[in-house]
Amino acid sequence: MRNSIIGGFAALVLASCAEEKKPKDGLDISGTIKGFKKGTLYIQRLNDSSKLVPIDTLKFNGQSDFSTHIDLKEPEMLYLFLDRGVTNSIDNNLPFFAEPGSMTIQTSLDYFTADATIKGSKNQDLYNEYRLMMSRLINKNLDLIQARLIAINEKNTARIDSIQKEQDDNLRRRYLTTTNFVVNHGDYEIAPYITLAEIPDVTLKYLDTIDKSISPKIAKTKYGKKLKAFVAERKKMGQ
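Calculation criteria
- Residues numbered from 1 in each chain as written.
- Predicted model: local features only at pLDDT ≥ 70, side-chain atom pairs only at ≥ 80, totals over all residues.
- Heavy atoms only, no water.
- Core = buried A, V, L, I, M, F, W, Y, C linked by side-chain atoms within 4.5 Å.
- Buried < 20%, exposed > 50% of the residue type's maximum accessible area, 1.4 Å probe, protein only.
- Helix = DSSP H or I, 4+ residues; strand = E, 2+ residues; numbered from the N terminus.
- Contact = heavy atoms within 4.5 Å.
- Lys, Arg positive; Asp, Glu negative; His and termini not counted.
- Salt bridge = Lys/Arg side-chain N within 4 Å of Asp/Glu carboxyl O.
- Polar contact = N/O pair within 3.5 Å; in protein donor to acceptor, adjacent residues only side chain to side chain.
- Pairing = 2+ DSSP bridges.
- Axes fitted to C-alpha atoms, helices over the stretch in contact; angles between N-to-C directions.

**Quick word on the nonpolar core**
Formed by 25 residues in total, the largest nonpolar core has its most connected members in Met 77, Phe 97, Ile 190, Tyr 193, Ile 194, Ile 214 and Leu 227. Residue assignment for this core shows that the elements contributing at least two residues are strand 5 (76-83), helix 2 (122-153), helix 3 (157-184), helix 4 (190-198), helix 5 (204-213), helix 6 (216-219) and helix 7 (222-237). Broken down by element, this core gets its largest block of residues, 5 residues, from helix 2. Residues in contact with Met 77, not counting those within four places in the same chain, are Pro 95, Phe 96, Phe 97, Tyr 127, Tyr 193 and Tyr 223.

Written out as structure tokens, the structure reads:
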């Protein structure tokens with residue numbers, strides 16, 4: 001009986017220790033960078049000075065897979081920065097909206113950002129949806145820029161004025177589309193993030209509408225607090 005009690009007590013102690021060692025929160029992230037065999041992968045975040053700083057470093061030496069755990073208290077935009085070693089590329093910084101839990105990232109060395117498939121984050125799914133909507137407006141603006149350059153070269157004043165009006169309309173659609181998206185997703189961290197990152201210069205009227213749409217829960221998060229402070233400053237300045 002005594003041995004049985006001691007054994008049971010030991011099992012409880014071991015279970016308790018295992019529970020203490022197990023992370024209560026954070027992000028388990030894993031994935032594959034096809035074709036990447038030699039180099040370093042940095043996981044970064046923006047600090048208070050808006051500079052990217054590494055929070056984890058992963059060395060690649062023959063393998064293409066990676067796996068790590070990050071201390072992450074709440075959803076946050078992080079960045080995978082790829083150090084290719086002897087070669088360099090502008091395609092080496094992949095933003096992703098991290099969330100506590102488990103996430104996977106599958107991509108390739110040749111098309112690091114374009115090939116990325118990111119799973120495990122609802123905020124990331126919404127970010128992808130937003131970027132898809134914006135891509136149409138961005139492509140439209142690029143077409144207008146090209147058309148404007150041609151009109152300027154041809155000294156076609158009427159055409160230049162017409163294109164300028166189209167560009168202004170396209171910009172208004174960008175603000176309106178972004179505002180509607182944020183208002184419809186005010187219960188996700190992506191809402192205040194997109195506001196601050198994509199349309200900080202939106203009119204105070206739209207900014208106030210966005211601020212009121214953010215749920216109380218999200219208002220207490222990192223980006224929610226930043227948005228509250230930003231709106232208060234804009235109102236103080238009367239802009």
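Here the narrative resumes.
**Re the side chain of Asp 56**
Mapping Asp 56 onto the fold places it in strand 3 (residues 52-61). It is Arg 45 that comes nearest to the buried, bridge-free Asp 56 among opposite-charge side chains, at 11 Å. Within polar-contact distance, the side chain of Asp 56 engages the side chain of Thr 68 at 2.5 Å. When sequence neighbours within four positions are dropped, the list of residues in contact with Asp 56 reads Leu 41, Tyr 42, Ile 43, Thr 68, His 69 and Ile 70.

**A word on the sheet that holds strand 2 (residues 38-46)**
One open sheet accounts for 4 strands, arranged 3-2-5-6; its pairing is antiparallel. Unpaired on one side and paired on the other, strand 3 and strand 6 (93-98) mark the two borders of the sheet. Taking the axes of each pair of neighbouring strands and ignoring which way they run, one obtains an average angle of 25 degrees across the sheet. When strand 2 meets strand 3, the two strands line up antiparallel, connected through 9 bridges. Following the sheet pairing, Gly 39 is matched in strand 3 by Phe 60.

**Section: the sheet that holds strand 7 (residues 101-108)**
If you trace the 4 strands from one edge of the open sheet to the other, you get 4-1-7-8, paired in mixed fashion. Two strands bound the open sheet, and with one partner strand each, they are strand 4 (65-70) and strand 8 (117-119). Recorded for the sheet is a direction-independent mean angle of 15 degrees between the axes of neighbouring strands. Two strands pair when backbone bridges link them, and strand 7 and strand 8 are joined in this way by 3 bridges, in the antiparallel orientation. Bridge pairing links Gln 106 to Thr 117 in strand 8.

In short, shape yes, function no, at least from these values alone.
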